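The residues making up each chain are set out below.
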Number of protein chains: 2
Amino acid sequence: MPYDKDEQSYLSQLGARIRKLRKAKQLSQEALAFEADLDRTYVSSVERGERNIAVLNLAKLARALGVEVSTLLQEE
Amino acid sequence: MPYDKDEQSYLSQLGARIRKLRKAKQLSQEALAFEADLDRTYVSSVERGERNIAVLNLAKLARALGVEVSTLLQEE
DNA sequence: CTGTGACTTTCAGTCCGTT
DNA sequence: CAACGGACTGAAAGTCACA
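What you see is a predicted model; the values in this text were computed from it and never measured. As a convention, each chain's residues are numbered from 1 in the sequence order in which they are written. To read the labels, note that chains go from A and ligands from 1, taken in the order they are written. The model is predicted, so local features are restricted to residues of pLDDT at least 70 and side-chain atom pairs to those at 80 or more, both for listing and for counting; the totals for chains, interfaces and linings are taken over all residues. Just so you know, side-chain values use all the structure's heavy atoms and leave hydrogens and water out.

Visitor: Describe helix α2 (residues 29-36) of chain A, naming the residues involved and giving the relevant values.
Guide: Residue and element names in this part refer to chain A. Among all positions in α2, only L32, A33 and A36 are buried. Mapping the buried residues of α2 onto a view down its axis gives an arc of 100°, with all of them on the same face. Exposed side of α2, more than 90 degrees from the buried face: E30 and F34 are the residues found there. Summarising the contacts, the buried residues of α2 are in contact with α1 (7-24), α3 (40-47) and α4 (55-65). Note on conventions: DSSP H or I runs of at least 4 residues are helices, E runs of at least 2 residues are strands, and numbering of each starts at the N terminus. Trailing α2 by a residue or two, D37 shows a phi angle of about 60°, which is positive. Burial classification: accessible surface area is computed with a 1.4 Å probe over protein chains only, and a residue below 20% of its type maximum counts as buried, one above 50% as exposed, and the rest as partly exposed. Note that the arc is computed from the directions linking the helix axis to the C-beta atoms. For this analysis, residues touch if any pair of their heavy atoms sits within 4.5 Å.

Visitor: Please set out the environment of A24 of chain A residue by residue, giving values where relevant.
Guide: On the secondary structure map, A24 of chain A appears in helix α1. Taking the C-alpha atoms as reference points, A24 of chain A and A54 of chain A, separated by 30 residues in sequence, lie 23 Å from one another.

Visitor: Which residues make up the protein's contact with DNA strand D, and what values do they have?
Guide: Around DNA strand D, 19 residues are found, and the nearest of them are R19, Q29 and E30 of chain A together with Y42 and A54 of chain B. The share of sugar and phosphate among atoms of DNA strand D within 4 Å of the protein is 64%. As used in this structure description, the phrase polar contact means that two N or O atoms lie within 3.5 Å; if the pair is within protein, one of them must be able to donate a hydrogen and the other to accept it, and residues adjacent in sequence are counted only when both atoms belong to side chains. R48 of chain A is positioned with one of its side-chain polar atoms (N or O) 3.0 Å from a phosphate oxygen of DNA strand D. Contact distances for DNA strand D include 3.0 Å between a phosphate oxygen and a side-chain N or O atom of N52 of chain B. Listed by contribution, the elements that provide at least two residues to the surface near DNA strand D are α1, α2 and α3 of chain A together with α3 (40-47) of chain B. Here the surface near DNA strand D is built from residues that sort into 4 nonpolar, 7 polar and 8 charged. We call a residue near a molecule or strand as soon as one heavy atom of that residue lies within 4 Å of the molecule or strand. Gly falls in the polar group here, along with every residue not listed as nonpolar (Ala, Val, Leu, Ile, Met, Phe, Trp, Tyr, Cys, Pro) or charged (Asp, Glu, Lys, Arg).

Visitor: How would you explain the interface of chain B and chain A if you had to name every residue and give the values?
Guide: Taken together, the contact pairs 20 residues of chain B with 21 residues of chain A. The contact between chain B and chain A buries some 1,800 Å² in all, and 63% of this surface belongs to carbon and sulfur atoms. In short, buried area is how much 1.4 Å probe accessible area vanishes from two parts on joining, totalled over both. Looking at the side of chain B facing chain A, the largest losses of area belong to V55, L56 and R63 of chain B, adding up to 32% of the total buried there. We define a salt bridge as a contact between a side-chain nitrogen of Lys or Arg and a carboxyl oxygen of Asp or Glu at a distance within 4 Å. Where chain B touches chain A, the interface holds 0 salt bridges. Where chain B touches chain A, the interface holds 6 residue pairs in polar contact (both at pLDDT 80 or more). Listed by contribution, the elements that provide at least two residues to the side of chain B that touches chain A are α1 (7-24), α4 (55-65) and α5 (69-72) of chain B. In terms of residue count, α4 of chain B provides more of the side of chain B that touches chain A than any other element does, 6 residues in total. Considering only residue class, the side of chain B that touches chain A consists of 12 nonpolar, 3 polar and 5 charged.

Below, the structure is given as structure tokens:
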């Protein structure tokens, strides 16, 4: 198996899953940020895969999105 | 205030799950740290729930443990 | 082999904006 | 509404000596 997974693409995929769930909930980045008690610009950069998000913030986002944290990290 | 989930215990539980998986694999903290390319003392503090670990390190640990990242975050 | 405190460096995360 | 930039603060990353 491939030894090293590309970290940038890992974060990008995570961001894409978050974005998808957010849109499914019909929330704006601002609204999601408000629900998760995070900064609007931070949520934006997370969705774009630019941030190595910490697990507690991941939990906040999951709660705001109404899903389990493990769901956010489910790879296909 | 509403739904103020205890963050410390969240991290402790995460650490406990990691420890459990590590022991199931019969690895020492040192060995796991080596596999995950992390410091031994860092792994130690994660298992004790003292660190709000970021997703890329979570991914490293999951890979070293031979499980999915989502498995690490599965709550009971 | 593991826990711990102390420590420095890096970057997560906020806040002000503009496009 | 979203992307993005600059500047900043606090927290995560990462390491060490020693119990």
